[in-house]
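# A closer look at the structure
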Amino acid sequence: MSRIGRMPIAVPAGVTVDVNGSAVKVSGPKGALTCEIASNKIAVKVEGGEVHVTRADDKKESRSLHGLYRQLIANMVAGVVTPFTRTLIVQGVGYKAAVAGNKLTMNIGYSHPVEYVAPEGITITCPDITTIVVTGISKELVGQTAATIRSKRPVEPYHNYGLHYSDEVLVKKEGKTAGK
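From a predicted model like this one, the values you see are computed outputs, not experimental measurements.

The rules behind each value
Throughout this document, residue positions are counted from 1 along each chain, in the order its sequence is written. For a predicted model such as this one, the threshold for reporting local features is a pLDDT of at least 70, and the threshold for listing and counting side-chain atom pairs is 80 or more; totals across whole chains, interfaces and linings nevertheless cover every residue. The basis for every side-chain value is the complete set of non-hydrogen atoms in the structure, without hydrogens or water. Whenever a carboxyl oxygen of Asp or Glu lies within 4 Å of a side-chain nitrogen of Lys or Arg, that contact is scored as a salt bridge. Throughout this description, buried means an accessible area under 20% of the type-specific maximum (1.4 Å probe, protein chains only), exposed means over 50%, and partly exposed covers the range between. Segments assigned H or I by DSSP are reported as helices when at least four residues long, segments assigned E as strands when at least two residues long, and all are numbered from the N terminus. Stacked, edge-to-face and tilted labels apply to pairs of Phe, Tyr and Trp rings (six-membered ring for Trp) whose centres lie within 6.5 Å, assigned for plane angles under 30 degrees, over 60, and everything in between, in that order. Lysine and arginine charges are scored as sitting over a ring when NZ or CZ, respectively, is within 6 Å of the ring centre and within 35 degrees of the ring normal. Pairing between strands requires that DSSP locate at least two bridges from one strand to the other. The criterion used for residue contact is that any of the two residues' heavy atoms lie within 4.5 Å. Here the expected span of a helix is defined as 1.5 Å times the quantity of residues minus one. In this description, the arc belongs to the directions extending from the helix axis to the C-beta atoms. The angle between two axes is taken between their N-to-C directions and runs from 0 to 180 degrees, where each axis is a line fitted to C-alpha atoms and a helix contributes only its stretch in contact.

## Observations regarding the pattern of salt bridges
Applying the stated criterion to the full structure yields 5 salt bridges. Put simply, Asp-58 and Arg-55 hold a salt bridge, and the shortest N to O gap is 2.9 Å. Among the residues examined, Asp-58 registers a relative accessible area of 57% and is labelled exposed. By relative accessible area, Arg-55 is classed as buried at 15%. A salt bridge links Glu-168 to Arg-150; the shortest N-O distance between them is 2.7 Å. Linking Glu-168 in the segment after β13 (162-165) with Arg-150 in helix α2 (residues 139-150), this pair joins segments that are 18 residues apart in sequence. Classification of Glu-168 by relative accessible area gives partly exposed; the value is 26%.

Structure (structure tokens):
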């Protein structure tokens, strides 16, 4: 059995989990999230303050979806209590970022400023001009938004200019050396 899939999900106080057919809805103090279980081989039950995810058989597809849906539901339960965050660093000479409303404006070495409008459910803040913080209750949406912003100017390997995650390890390449 899946080690991840068989672990029960503890439901904290103030969070409700509703299972309606193949739809799982999690509501909490920060908001509500919904997940659609795409397979009829996975069952979700709420018993005694815990959520249990089970599978119908031991086929490869069922085994792979078992751990996946359990972790998706666990991320939803965690997100409605404590929002997820992802921090990006803007690095380069003259590179900077600013937020106005839900629009992120970045000067990242192009001839024009690059603008990005935050999707619904995501909050983008800039504590300073070289830091971008993406926050939201959906872990999937926070990660995708951060990846989309990062893709606007990937880090170049010789000077490490560009956008990168705060916990990302950057390896700087050595430049060409003069001939003999």
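## Digging into the packing of aromatic side chains
In the structure shown here, the tally under the stated rule is 1 aromatic pair. The ring of Tyr-165 has Arg-86 lying over it, and the distance from NZ or CZ to the ring centre is 4.0 Å. One Lys or Arg, Arg-153, reaches over the ring of Tyr-110 and ends 4.2 Å from the middle of that ring.

## Quick look at the pairing of strand β3 (residues 23-28)
Here strand β2 (residues 16-20) pairs with β3 via 5 bridges, running antiparallel. When the bridges of β3 are listed, Val-17 appears paired with Val-26. Linking β2 to β3, which pair antiparallel, is a turn of 2 residues; within it Gly-21 sits at a positive phi near 70°. Sheet topology note: the β3/strand β4 (residues 31-36) ladder contains 6 bridges and is antiparallel. Along β4, the bridge assignment pairs Val-24 with Cys-35.

## Here's the deal with the side chain of Asn-75
Inspection of the secondary structure puts Asn-75 in helix α1 (residues 60-79). Every residue in contact with Asn-75, bar those within four places of it in the chain, is listed here: Phe-84 and Lys-139.

## Remarks on α2
Helix length check: α2, at 12 residues, gives a terminal C-alpha distance of 16 Å against a target of 16 Å (1.5 Å per residue), a fit within 8%. Those residues of α2 not exposed but buried are Val-142, Thr-145, Ala-146 and Ile-149. Down the axis of α2, the sector holding all buried residues measures 95°, keeping them to one side. Buried residues along α2 sit against β7 (84-91), β9 (103-107), β10 (114-117), β11 (122-125), β12 (131-136) and β13.

## Section: the environment of Lys-172
Inspection of the secondary structure assignment puts Lys-172 in the segment after β13. It is 8.7 Å that separates the C-alpha atoms of Lys-172 and Glu-156, two residues lying 16 residues apart in sequence.

## Side note on the sheet that holds β9
Strand order across the open sheet formed by 3 strands is β8-β9-β10, with antiparallel pairing between neighbours. Sheet topology places β8 (96-100) and β10 at the edges, where each strand pairs with a single neighbour. Between one strand axis and the next, the sheet turns through 20° on average, direction left out of account. Pairing of β8 with β9, which is carried by 5 bridges, proceeds in the antiparallel orientation. Bridging across to β9, Ala-100 finds its partner in Lys-103.

## Section: unusual backbone geometry
Although it is not a glycine, Asn-160 sits at a positive phi angle of roughly 60°. Take Asn-160: it is sitting in the loop between α2 and β13. Among the residues examined, Asn-160 registers a relative accessible area of 9% and is labelled buried.

Geometry only, nothing functional implied.
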